[in-house]
Amino acid sequence: MTLAGAASLAGNGRTITFGLFLALVCVTLAITVWARMHTDGADDFYAGGRVFSGPQNGLALAGDYMSAASFLGIAGIISLSGYDGFLYSIGFLVAWLPALLIVELMRNTGRFTMADVLAQRVRRQSSVRIAAAVSTVTVSVFYLIAQMVGAGALIALLLGVRPGATFLGMSANTAEVMTIVVVGALMICYVTFGGMKGTTWVQIVKAALLMFGATLMTVLVLGRFGFDLSRLLGAAAGASGKGHAFLEPGLKYGREVTGHSSRTLFNKLDFVSLALALVLGTAGLPHVVTRFYTVKDARAARTSVNWAIGLVGAFYLMTIALGFGATALVGRREILAHDPAGNTAAPLLARELGRHVAGRIGGDVMLAFVASVAFATILAVVAGLVMASATSLAHDYFGNVLMLGRPRERQEVAVARFAAFLIGSVAIVLAVFAKHLNVAFLVALAFAMAASANLPAIVFALFWRRFNAAGTVAGIYGGLAASIVLVAFSPVVSGKVDPVTGQSLSLFPRGVDFHWFPLDNPGLVSIPFGFLCAVAGTFLGRDGTDPERYTELSVRSLTGAGAR
Amino acid sequence: MLLTFLGWYLLYVLAAAFARDVMAYRLFGNINVALVAGVLQFVAAFVLAWRYTRYARAALDPLAAQILADAEERVDEALRRAAGSAIPPYGTGSGDERPYLGPTPPDGTVSYAAAEPRGGTTPYLGPTPPDGMPLPADPGPPPSWHRSAGGTR
């Protein structure tokens, strides 16, 4: 069943899909070459010369933010678990409001990285810079590995590469490794040569493609149900085999376990924890923060976040139609047959819609188109992550710590290019090794780390007069360590067993069990802990506070004096 | 306002976790409270973004502009007072007499001129032009591109 299904998913569409993939690679590489010719100096490399307009940067922000996990993943979760997938969508959108409130302040006070903002509050900035660089690189690399492992499996799936089958003369396993390597090589290429300009344009192209594809599919789905949302939901509930429970919360998150009241409570707390991390993490994600600096002033930054809110909101509203449409039109069984995680729900829906409009060829073309949108999504997001961590390594660690704040511009940009190459290569190697592991939890962990480590430092630096270096460092390391330790001893790493199949759902195989923290997502505990560490560090730290610097930062964050 | 909104989001999350019966109540057709509440989150987010933008345009931007203008005026005035009436107000003189206006950068990295022997001491290190062309007098102040606590760009 699975094999036959896979063959039909690829089918004739494979040639078209592959052709579109190649076209996409050519276009993005052309952008990179253009960007390389127009990149000269640090402002260009780190911040795209700050020439992007608000709407352009808004598109790029949306392109940077909406990963394959949110496009294919959320459509898949909705198609399999119903309403609970939509809860994810809401979290991803609501997260932009805290970002909107700090974006202008950040844009006005920083130049290239988050650490620029933090470092202005302290007299000796090297420890703060190091802490910020450590946290930036950790968050980015974890997110990156999750994306690349996902990319390998996903692209193999979209191209119809299956165990036992061969692709261009390679076995399925080799093909998957090759996919990871090719994606990694492309992302290194974009960042090393194109810098922020190249990366931003790749993200703009991706966001435009994604919005176009999603809108087209939504209109087609709703058209099939006479533009009656209630009819669509009814059909989805009917096809799901779960009836009206499918349209209500509780199938995936916060599941009720009869007879185990504590287990039920933990499930629910786990869901609350996830929601918190999603909402508070976005404003601290390094690849989102570095994007704030690509526009000319705070007003443009505000406009760009407003655009991002509009685009992200519209997209996640459309996931309702995509997810429920996939259940109603494709059916749960077929989705499960292709991928138990549901990642192929959107491509399958595209094929079904295309087939309905223009027969077999229409189906193949739509499938190929949506597959290449997913491919573009993956490329844009990984490039953004590498860009953010390379910037932080070069600007914060090399420029401000090793070179004591006075490197030559050329030198620092060269280091940034090299750092991009280094981080990209490390990520490729780690992703190839982690290929068979269940690493989906790394995305949630990255959000939790961003919320627990970066957010306290940013918020206190901007709004708390007494905050100091010790508080910054304590907050960052405390939040980071709490998230990692809690996840290491949580069910996602060891001890979670599928009650039906008896297989391990954790990172470690069945039988290894050292978990004591009951929740999958550490946010509920680690975010308050991060804030607490920052407060404690501030009061215990020996370096006095510097109210003058706070006043200065306040004026600057409001007016942008010195940042333009 | 943000707190109200985050509270509303938290209420929604808690309701999704603990008030399943309410969320499952069907309003009309197959549309239930959960779906309406979810879509309302989107609406609330859009409204808040719009309200904030309006507030920022009406209140924050003029305030920022005023503070900046005040600061420049005060600096100009101080300059004039310090040098007596010899120096005309900024903009009418021959050169830019204004000192560095930004705050002192951290770590005492005041400027490149202090950090590196560029600028005044070694004006031009390149090869002598063949035709005896006069050397450029002063390459000007070094770029402040790197100063984290920004220069006046």
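Residues numbered from 1 in each chain as written. Chains lettered and ligands numbered in written order. Predicted model: local features only at pLDDT ≥ 70, side-chain atom pairs only at ≥ 80, totals over all residues. Heavy atoms only, no water.

### Quick word on the overall build of chain B
Next, step 1: Scanning chain B from terminus to terminus reveals four helices and two strands.
Next, step 2: Of the contacts formed within chain B by residues at least 6 apart in sequence, a portion of 52% connects residues at least 24 apart.
Next, step 3: Of the accessible surface of chain B, which amounts to about 9,500 Å², a share of 64% is contributed by carbon and sulfur atoms. (Helix = DSSP H or I, 4+ residues; strand = E, 2+ residues; numbered from the N terminus. Contact = heavy atoms within 4.5 Å. Areas by Shrake-Rupley, 256 points an atom, 1.4 Å probe, with all protein chains shown as cover.)

### Section: the overall build of chain A
Next, step 1: Per the secondary structure count, chain A includes 21 helices and two strands.
Next, step 2: Residues counted as buried form 63% of the 564 residues belonging to chain A.
Next, step 3: In chain A, of all internal contacts separated by at least 6 residues, the share reaching a separation of at least 24 is 82%.
Next, step 4: Counting every atom, chain A has about 19,100 Å² of accessible surface; 68% of that belongs to carbon and sulfur. (Buried < 20%, exposed > 50% of the residue type's maximum accessible area, 1.4 Å probe, protein only.)

### A short note on the packing of helix H19 (residues 469–488) of chain A against helix H20 (residues 523–540) of chain A
Residue and element names in this part refer to chain A.
Next, step 1: Axis separation between H19 and H20 bottoms out at 7 Å; the angle between their running directions is 155°. The angle between H19 and H20 places the two elements in the roughly antiparallel class. Viewed along their axes, H19 and H20 form a crossing whose handedness is right-handed. Here Ala470, Gly471, Ala474, Gly475, Gly478, Gly479, Ala482, Ser483 and Leu486 of H19 lie close against H20, whose contacting residues are Val525, Ser526, Phe529, Gly530, Cys533, Ala534, Gly537 and Thr538. (Axes fitted to C-alpha atoms, helices over the stretch in contact; angles between N-to-C directions. Parallel < 35°, antiparallel > 145°, perpendicular 65-115°, else oblique. Left-handed = near helix turned anticlockwise from the far one by under 90°.)

### What about the packing of aromatic side chains?
Residues and elements named next belong to chain A.
Next, step 1: This model, assessed by the stated rule, comprises 22 aromatic pairs over all chains.
Next, step 2: Aromatic pair Tyr65 and Trp96: ring centres 5.0 Å apart, planes at 80°, arrangement edge-to-face. Placement of the pair is Tyr65 in helix H4 (residues 54–65) and Trp96 in helix H7 (residues 96–109), with a sequence separation of 31 residues.
Next, step 3: In this structure Tyr65 comes out as buried when scored by relative accessible area, which is 3%.
Next, step 4: Where Tyr83 meets Phe86, the ring centres are 5.8 Å apart and the plane angle is 70°; that geometry is what we call edge-to-face. In this pair, Tyr83 and Phe86 are both assigned in helix H6 (residues 83–94), three residues apart and thus about one turn of the helix distant.
Next, step 5: Taking relative accessible area as the criterion, Phe86 reaches 1% and is therefore assigned buried. (Phe/Tyr/Trp six-rings, centres within 6.5 Å; stacked < 30°, edge-to-face > 60°.)

### Some details on unusual backbone geometry
All names here are of chain A.
Next, step 1: Positive phi, close to 55°, is recorded for Phe227, a residue that is not glycine.
Next, step 2: On the secondary structure map, Phe227 appears in the loop between helix H10 (172–224) and helix H11 (229–240).
Next, step 3: In this structure Phe227 comes out as exposed when scored by relative accessible area, which is 57%.

### Things to note about the environment of Asp339(A)
Residues and elements named next belong to chain A.
Next, step 1: When you line up the elements, Asp339 lands in the loop between helix H15 (332–338) and helix H16 (345–402).
Next, step 2: Judged by relative accessible area, which is 14%, Asp339 ranks as buried.
Next, step 3: For the pair Asp339 and Leu154, spaced 185 residues apart in sequence, the C-alpha to C-alpha distance is 9.6 Å.
Next, step 4: Among all residues touching Asp339, those that are not within four sequence positions of it are Leu157 and Thr344.

### Description of helix H21 (residues 547–559) of chain A
Next, step 1: Compared with an ideal rise of 1.5 Å per residue, which puts 13 residues at 18 Å, H21(A) spans 18 Å between its outermost C-alpha atoms and is within 8% of the ideal.
Next, step 2: When H21(A) is considered as a whole, its buried residues turn out to be Arg549(A), Tyr550(A), Leu553(A), Arg556(A), Ser557(A) and Thr559(A).
Next, step 3: In this structure, the buried side of H21(A) is in contact with H7, helix H8 (114–119) and helix H18 (441–463) of chain A together with helix H3 (33–82) of chain B. (Expected span 1.5 Å × (residues − 1).)

### Considerations on the confidence of the model for chain B
Low pLDDT marks regions whose predicted coordinates should not be analysed in detail.
All names here are of chain B.
Next, step 1: When pLDDT is averaged along chain B, the result is 64; 52% of the residues meet or exceed 70.
Next, step 2: Within chain B, helix H4 (residues 112–115) has the poorest average pLDDT of any element, 40, and H3 the best, 81.
Next, step 3: Low confidence marks residues 86–100, where pLDDT is under 50. Its contacts with residues over four positions away, or in another chain, come to 17 contacts.
Next, step 4: Across residues 134–143, where pLDDT falls below 50, the model places twelve contacts with residues more than four positions away in sequence or in other chains. (pLDDT = per-residue confidence, 0-100.)

### What to know about the interface of chain A and chain B
Next, step 1: Taken together, the contact between chain A and chain B spans 70 residues of the former and 56 residues of the latter.
Next, step 2: Summed over both partners, the interface of chain A with chain B buries about 5,500 Å², with 65% contributed by carbon and sulfur atoms.
Next, step 3: Among the residues chain A hides against chain B, the three largest losses belong to Leu97(A), Arg111(A) and Arg406(A). Together they make up 11% of the total.
Next, step 4: Our enumeration of links across chain A and chain B arrives at zero salt bridges.
Next, step 5: Between chain A and chain B we count four residue pairs in polar contact (both at pLDDT 80 or more) in total.
Next, step 6: Here the side of chain A that touches chain B takes ten residues from helix H14 (residues 298–329) of chain A, the largest share from any one element.
Next, step 7: Residues belonging to the side of chain A that touches chain B are distributed by class as follows: 33 nonpolar, 17 polar and 20 charged. (Buried area = accessible area lost by both parts, 1.4 Å probe. Salt bridge = Lys/Arg side-chain N within 4 Å of Asp/Glu carboxyl O. Polar contact = N/O pair within 3.5 Å; in protein donor to acceptor, adjacent residues only side chain to side chain. Nonpolar A, V, L, I, M, F, W, Y, C, P; charged D, E, K, R; others polar.)

### Some remarks on the UniProt feature "transmembrane region" (unreviewed entry) in chain B
Next, step 1: UniProt marks residues 29–50 of chain B with the feature "transmembrane region" (unreviewed entry), using the numbering shown here.
Next, step 2: Between the C-alpha atoms that bound residues 29–50 of chain B the distance is 32 Å, and the span itself is 82% helix and 9% strand. (UniProt positions renumbered as here; feature names shortened; annotations may be inferred.)

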